[in-house]
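# Commentary on secondary and tertiary structure
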Amino acid sequence: MFDYKDFEKMCMNYAAAAQNLEAFLIDFLLEEAKWVHGETKDRTPVQTGHLRGRWRITGVYKSGGNLTFELINDADYASYVELGHTTRKRDKWVEGYYMATISLAKLQERMPADFDREFTIFLKRHGVL
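Presented here is a report on the structure given in the accompanying data block.

### Topic: helix α1 (residues 5-43)
Spanning 39 residues, α1 covers 55 Å between terminal C-alpha atoms, matching the ideal 57 Å at 1.5 Å per step. At Asn20, α1 shows its maximal bend, which comes to roughly 45°. Among the residues of α1, Asn13, Ala17, Phe24, Phe28, Leu29, Glu32, Ala33, Val36, His37, Glu39 and Thr40 are the ones counted as buried. As for α1, its buried residues are in contact with β1 (55-57), β3 (66-68), β4 (71-73) and α4 (99-125).

Here you go:
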């Protein structure tokens, strides 16, 4: 005799997890976006505070089949501080700070471990693990 109640419960737990998966992914990515936003602001040089204050993230949105966000700085000189530029006389190169570049590279390094940890918690909360 096969008692399928535990199997039925497991199936219901999987179904509940599947229903909440997209919300989990959006929340996870938003937290990662907040982290990279903070890292980038911390790396941004401060003279007047204008450049640092212009960093923002979009909300998480779907693009094709992917979830994504954008890290934006709309200060007109942000790209010059990020990537470097020549002086006004064009005789010297001023090295960039790579605030966003470095922060995004750090995010790519840490994100798999963050995801594994958070996804395990998600699965346990839904009784799948």
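### Focus: the pattern of salt bridges
Going through the model one piece at a time under the given rule, you end up with nine salt bridges. Between Glu39 and Lys106 there is a salt bridge; the shortest N-O distance is 3.6 Å. Pair noted here: Glu39 is in helix α1 and Lys106 is in helix α4, with a separation of 67 residues, a long-range link. By relative accessible area, which is 35% here, Lys106 ends up partly exposed. Because the salt bridges share partners, they merge into one network encompassing Glu32, Arg110, Asp114, Arg117 and Glu118.

### Some points on the packing of aromatic side chains
Here the structure, examined in full by the defined rule, presents seven aromatic pairs. Their ring planes at 45° and their centres at 5.8 Å tell us that Phe24 and Phe119 sit as a pair that is tilted. Residue Phe24 is found in helix α1, and its partner Phe119 is found in helix α4; the two are separated by 95 residues along the sequence. On the numbers, 5.3 Å between centres and 15° between planes, the contact of Phe115 with Phe119 is stacked. Separated by four residues within a single helix, Phe115 and Phe119 lie in helix α4, roughly one turn from each other. Overall, the relative accessible area of 27% leaves Phe115 in the partly exposed class.

Thresholds, definitions, all that
- Residues numbered from 1 in each chain as written.
- Predicted model: local features only at pLDDT ≥ 70, side-chain atom pairs only at ≥ 80, totals over all residues.
- Heavy atoms only, no water.
- Helix = DSSP H or I, 4+ residues; strand = E, 2+ residues; numbered from the N terminus.
- Expected span 1.5 Å × (residues − 1).
- Bend = angle between axes of the 7 residues up to and from the residue.
- Buried < 20%, exposed > 50% of the residue type's maximum accessible area, 1.4 Å probe, protein only.
- Contact = heavy atoms within 4.5 Å.
- Salt bridge = Lys/Arg side-chain N within 4 Å of Asp/Glu carboxyl O.
- Phe/Tyr/Trp six-rings, centres within 6.5 Å; stacked < 30°, edge-to-face > 60°.

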